[in-house]
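Structural features, examined
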Amino acid sequence: TFQLQQIFMNIIINAEYFMTEAHGRGTITITTERVKDVVKISISDDGTGIAQETLLHIFDPFFTTKEVGKGTGLGLSISHGIATEHGGRIYARSEKGKGATFFIELPIALSESGEQKK
(Lines give C-alpha, C1' and ligand atoms only; values in the text may rest on other atoms or scores of the structure.)
Protein backbone atom coordinates (compact mmCIF):
# COMPACT_ATOMS: atom_id res chain seq x y z
CA THR A 1 0.00 0.00 0.00
CA PHE A 2 0.95 3.64 -0.29
CA GLN A 3 1.36 3.84 3.49
CA LEU A 4 4.02 1.12 3.56
CA GLN A 5 5.82 2.82 0.68
CA GLN A 6 5.81 5.98 2.79
CA ILE A 7 7.64 4.17 5.63
CA PHE A 8 10.34 2.90 3.27
CA MET A 9 10.73 6.24 1.51
CA ASN A 10 11.05 8.15 4.81
CA ILE A 11 13.84 5.85 5.98
CA ILE A 12 15.64 5.82 2.61
CA ILE A 13 15.45 9.63 2.21
CA ASN A 14 16.87 10.07 5.72
CA ALA A 15 19.63 7.55 4.99
CA GLU A 16 20.55 9.35 1.77
CA TYR A 17 20.69 12.69 3.59
CA PHE A 18 22.95 11.45 6.38
CA MET A 19 25.20 9.39 4.09
CA THR A 20 25.73 12.44 1.87
CA GLU A 21 26.46 14.49 4.97
CA ALA A 22 28.94 11.88 6.23
CA HIS A 23 30.96 11.25 3.07
CA GLY A 24 29.18 12.48 -0.04
CA ARG A 25 27.91 9.03 -0.99
CA GLY A 26 26.92 5.80 0.68
CA THR A 27 25.47 2.33 0.63
CA ILE A 28 21.97 1.28 1.65
CA THR A 29 21.30 -2.41 2.26
CA ILE A 30 17.73 -3.70 2.40
CA THR A 31 16.98 -7.21 3.61
CA THR A 32 13.80 -9.10 4.32
CA GLU A 33 13.12 -12.26 6.25
CA ARG A 34 10.16 -14.18 7.56
CA VAL A 35 10.17 -14.84 11.29
CA LYS A 36 7.15 -17.02 12.12
CA ASP A 37 4.10 -14.92 11.09
CA VAL A 38 6.06 -11.67 10.69
CA VAL A 39 7.96 -10.11 7.80
CA LYS A 40 11.05 -8.31 9.10
CA ILE A 41 12.55 -5.66 6.83
CA SER A 42 15.86 -4.06 7.70
CA ILE A 43 17.25 -0.96 6.03
CA SER A 44 20.91 -0.23 6.85
CA ASP A 45 23.07 2.70 5.83
CA ASP A 46 26.67 3.75 6.33
CA GLY A 47 25.85 7.35 7.24
CA THR A 48 26.67 9.40 10.31
CA GLY A 49 24.87 7.08 12.71
CA ILE A 50 22.60 8.09 15.57
CA ALA A 51 23.75 8.82 19.10
CA GLN A 52 22.13 6.68 21.78
CA GLU A 53 20.42 9.67 23.47
CA THR A 54 18.98 10.70 20.09
CA LEU A 55 17.65 7.17 19.39
CA LEU A 56 15.23 7.65 22.28
CA HIS A 57 13.46 10.49 20.43
CA ILE A 58 13.64 9.74 16.70
CA PHE A 59 9.98 8.68 16.52
CA ASP A 60 8.73 11.72 18.47
CA PRO A 61 6.68 14.20 16.40
CA PHE A 62 8.69 17.23 15.24
CA PHE A 63 12.00 15.82 16.52
CA THR A 64 14.79 16.36 13.99
CA THR A 65 18.56 16.60 13.94
CA LYS A 66 18.54 18.15 10.48
CA GLU A 67 19.27 21.82 10.01
CA VAL A 68 16.37 24.24 9.70
CA GLY A 69 14.57 23.89 6.39
CA LYS A 70 15.86 20.35 5.74
CA GLY A 71 13.18 18.36 7.55
CA THR A 72 10.02 18.69 9.61
CA GLY A 73 10.65 15.92 12.12
CA LEU A 74 7.46 14.15 11.04
CA GLY A 75 8.69 11.40 8.71
CA LEU A 76 9.68 8.84 11.34
CA SER A 77 6.75 9.76 13.58
CA ILE A 78 4.34 9.11 10.71
CA SER A 79 6.21 5.89 9.86
CA HIS A 80 5.83 4.71 13.45
CA GLY A 81 2.09 5.42 13.32
CA ILE A 82 1.68 3.53 10.04
CA ALA A 83 3.61 0.48 11.29
CA THR A 84 1.52 0.42 14.49
CA GLU A 85 -1.71 0.84 12.51
CA HIS A 86 -0.75 -2.26 10.49
CA GLY A 87 -0.18 -4.28 13.68
CA GLY A 88 3.59 -4.03 13.43
CA ARG A 89 6.46 -2.06 14.84
CA ILE A 90 9.46 -0.01 13.76
CA TYR A 91 12.68 0.54 15.65
CA ALA A 92 16.31 1.43 15.02
CA ARG A 93 19.78 0.43 16.14
CA SER A 94 22.79 2.63 15.63
CA GLU A 95 26.06 3.93 16.96
CA LYS A 96 27.32 7.43 16.30
CA GLY A 97 29.68 7.29 13.33
CA LYS A 98 28.72 3.73 12.33
CA GLY A 99 25.54 4.11 10.28
CA ALA A 100 22.05 3.08 11.27
CA THR A 101 19.69 0.16 10.76
CA PHE A 102 15.93 0.54 10.84
CA PHE A 103 13.75 -2.52 11.35
CA ILE A 104 10.14 -2.76 10.27
CA GLU A 105 8.21 -5.80 11.48
CA LEU A 106 4.77 -6.43 10.00
CA PRO A 107 2.41 -9.36 10.54
CA ILE A 108 1.71 -11.59 7.57
CA ALA A 109 -1.98 -11.32 6.71
CA LEU A 110 -3.79 -14.65 6.74
CA SER A 111 -7.07 -15.49 5.02
CA GLU A 112 -10.03 -16.90 6.94
CA SER A 113 -8.84 -20.42 6.05
CA GLY A 114 -5.48 -19.67 7.69
CA GLU A 115 -3.54 -19.48 4.43
CA GLN A 116 -1.23 -16.60 3.61
CA LYS A 117 -3.00 -13.91 1.56
CA LYS A 118 -1.50 -13.18 -1.85
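Structure shown above.
The structure contained in this document is the topic of the report that follows. Think of each chain on its own: its residues are numbered from 1, step by step along the sequence as written. Selection of residues for local features in this predicted model requires a pLDDT of at least 70, selection of side-chain atom pairs for listing and counting requires 80 or more, and totals for whole chains, interfaces and linings are taken over all residues. Side-chain figures throughout are based on the complete set of non-hydrogen atoms in the structure, without hydrogens or water.

1. Examining the pairing of strand 3 (residues 89-94)
Walk down a regular strand and you will see the side chains alternate between the two sheet faces. The condition is simple: If DSSP finds at least two bridges between two strands, the strands pair. Only DSSP runs of H or I reaching four residues or more are called helices, and only runs of E reaching two or more are called strands; each is numbered from the N terminus.
The pairing of strand 3 with strand 4 (residues 100-107) spans six bridges and is classified as antiparallel. Looking across to strand 4, one finds that Tyr91 is bridged to Phe103. Hairpin connection, strand 3 to strand 4: the antiparallel pair is bridged by five residues, and Gly97 has positive phi, about 85°.

2. Considerations on the packing of aromatic side chains
Aromatic ring pairs are reported here in terms of the distance separating the ring centres and the angle at which the planes meet. Convention followed: Any two of the Phe, Tyr and Trp rings considered here, Trp counted by its six-membered ring, make a pair once their centres fall within 6.5 Å; the pair's planes then place it as stacked at under 30 degrees, edge-to-face at over 60, or tilted in between. Burial classes follow relative accessibility: with a 1.4 Å probe on protein chains only, a residue under 20% of its type's maximum area counts as buried, one over 50% as exposed, and anything between as partly exposed.
According to the stated counting rule, one finds three aromatic pairs in the structure shown. Centroid distance Phe59 to Phe102: 6.4 Å. Interplanar angle 85°. Geometry classified as edge-to-face. Pair noted here: Phe59 is in the loop between helix 2 (52-55) and helix 3 (75-85) and Phe102 is in strand 4, with a separation of 43 residues, a long-range link. Here Phe59 falls in the buried class, since its relative accessible area comes to 17%. Of the residues examined, Phe102 reaches a relative accessible area of 6% and is grouped as buried. Residues Tyr91 and Phe103 carry aromatic rings whose centres are separated by 5.0 Å and whose planes lie at 20° to one another, so their mutual orientation is stacked. In this pair, Tyr91 sits in strand 3 while Phe103 sits in strand 4, placing the two residues 12 residues apart along the sequence.

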